Amino acid sequence: YDEGPSSTAAANGLFGSTMTAPTDPTARAQVSAPSDWDSLVSCTLPPSRWVAISQGRIQQFADSVNDEQWIHVDAERARRGPFGRTVAHGFLTLSMITMLLEDVLDASGIPFTLNYGLDRVRFPAPVPSDSHIRGSFTVTSAKPVEGGVQVTLDATITCDAAPKPVCVATLLLRFYESLGISS
């Protein structure tokens with residue numbers, strides 16, 4: 001995947017002035033109106049920061065969704081299992097996508113954002129406990145919807161302990177001009 005923003009996004013001034021190199025971890029795309037998305041189509045945003053996936057985080061997720069399968073929570077048994085240690089739930093990895101996206105995208109100027117769903121999700125490799133993940137996002141489309149825009153992003157989540165991506169997904173997000181609440 002691309003390690004930095006495309007020249008189109010940089011030329012349009014959609015990245016903060018703190019950006020000094022394509023891998024600058026402080027670079028964030030700035031989107032302050034739904035129409036800003038048009039200039040980001042086909043652009044790959046800078047990768048997010050690395051985020052730790054500790055056994056504690058895995059256990060908290062297991063507790064919250066009542067998924068206590070041994071490959072996630074039983075370290076002794078998991079050592080003898082197919083991955084050699086516990087691994088994160090695929091849905092834990094998936095649930096972190098929006099946090100990773102917010103790490104590289106500032107859309108705080110848009111009044112209302114809605115997670116509209118996913119078109120495709122795959123988990124090509126496990127996330128071992130005590131590893132780190134990060135996200136890379138490519139904007140694939142921005143289509144007008146009533147009151148705003150629907151943005152499609154291809155997300156690739158990688159892990160420092162896996163040779164291939166641990167999650168690939170197509171996200172659908174909607175960004176609205178206003179809250180649409182009438183009194």
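Residues numbered from 1 in each chain as written. Predicted model: local features only at pLDDT ≥ 70, side-chain atom pairs only at ≥ 80, totals over all residues. Heavy atoms only, no water.

Chemist: How should I be thinking about the sheet that holds strand S4 (residues 112-122) in this particular structure?
Modeler: Strand pairing in a sheet is mediated by backbone hydrogen bonds. Such pairs are either parallel or antiparallel. Ordered in space as S2-S5-S6-S7-S4, the five strands form an open sheet in which the pairing is antiparallel. Either end of the sheet is taken by a strand with one partner, and the two such strands are strand S2 (51-53) and S4. The sheet shows a mean angle of 30° between the axes of neighbouring strands, taken without regard to direction. Across the sheet, helix H6 (residues 97-104) is in contact with S2, S4, strand S5 (131-145), strand S6 (148-159) and strand S7 (167-176); its angle to S5 comes to roughly 80°. (Pairing = 2+ DSSP bridges. Helix = DSSP H or I, 4+ residues; strand = E, 2+ residues; numbered from the N terminus. Axes fitted to C-alpha atoms, helices over the stretch in contact; angles between N-to-C directions. Contact = heavy atoms within 4.5 Å.)

Chemist: In this structure, what is going on with the side chain of Thr170? I would like to understand it.
Modeler: Here Thr170 is to be found in strand S7. Relative accessible area serves as the criterion here: at 15%, Thr170 is assigned to the buried category. Excluding its chain neighbours within four sequence positions, the residues that come into contact with Thr170 are Gly117, Leu118, Asp119, Arg120, Thr152, Leu153 and Asp154. (Buried < 20%, exposed > 50% of the residue type's maximum accessible area, 1.4 Å probe, protein only.)

Chemist: Would you take a moment to explain the environment of Leu171 for this structure?
Modeler: Take Leu171: it is sitting in strand S7. Overall, Leu171 belongs to the buried group, its relative accessible area being 4%. Spatially, the C-alpha atom of Leu171 lies 6.4 Å from that of Asp154, the residues being 17 residues apart in sequence. Not counting residues up to four positions away in its chain, the partners in contact with Leu171 are Ile97, Gly117, Leu118, Val151, Thr152, Leu153 and Ala155.

Chemist: Please explain the environment of Arg122 as it appears in this structure.
Modeler: Among the structural elements, Arg122 can be located in strand S4. C-alpha of Arg122 to C-alpha of Val168: the two residues are 46 residues apart in sequence and 5.4 Å apart in space. Residue contacts for Arg122: discarding those within four places in its chain leaves Val166, Cys167 and Val168.

Chemist: Looking at this model, I keep getting lost on unusual backbone geometry. Mind explaining?
Modeler: Excluding glycine, a negative phi dihedral is what most residues carry, and trans is how most peptide bonds are arranged. Even without a glycine there, the phi angle at Ser42 is positive, about 75°. Note that Ser42 resides in the loop between strand S1 (29-30) and S2. Not every positive phi belongs to a glycine, and Asp130 is a case in point at roughly 65°. Looking at Asp130, the relative accessible area reads 54%, which means it is exposed.

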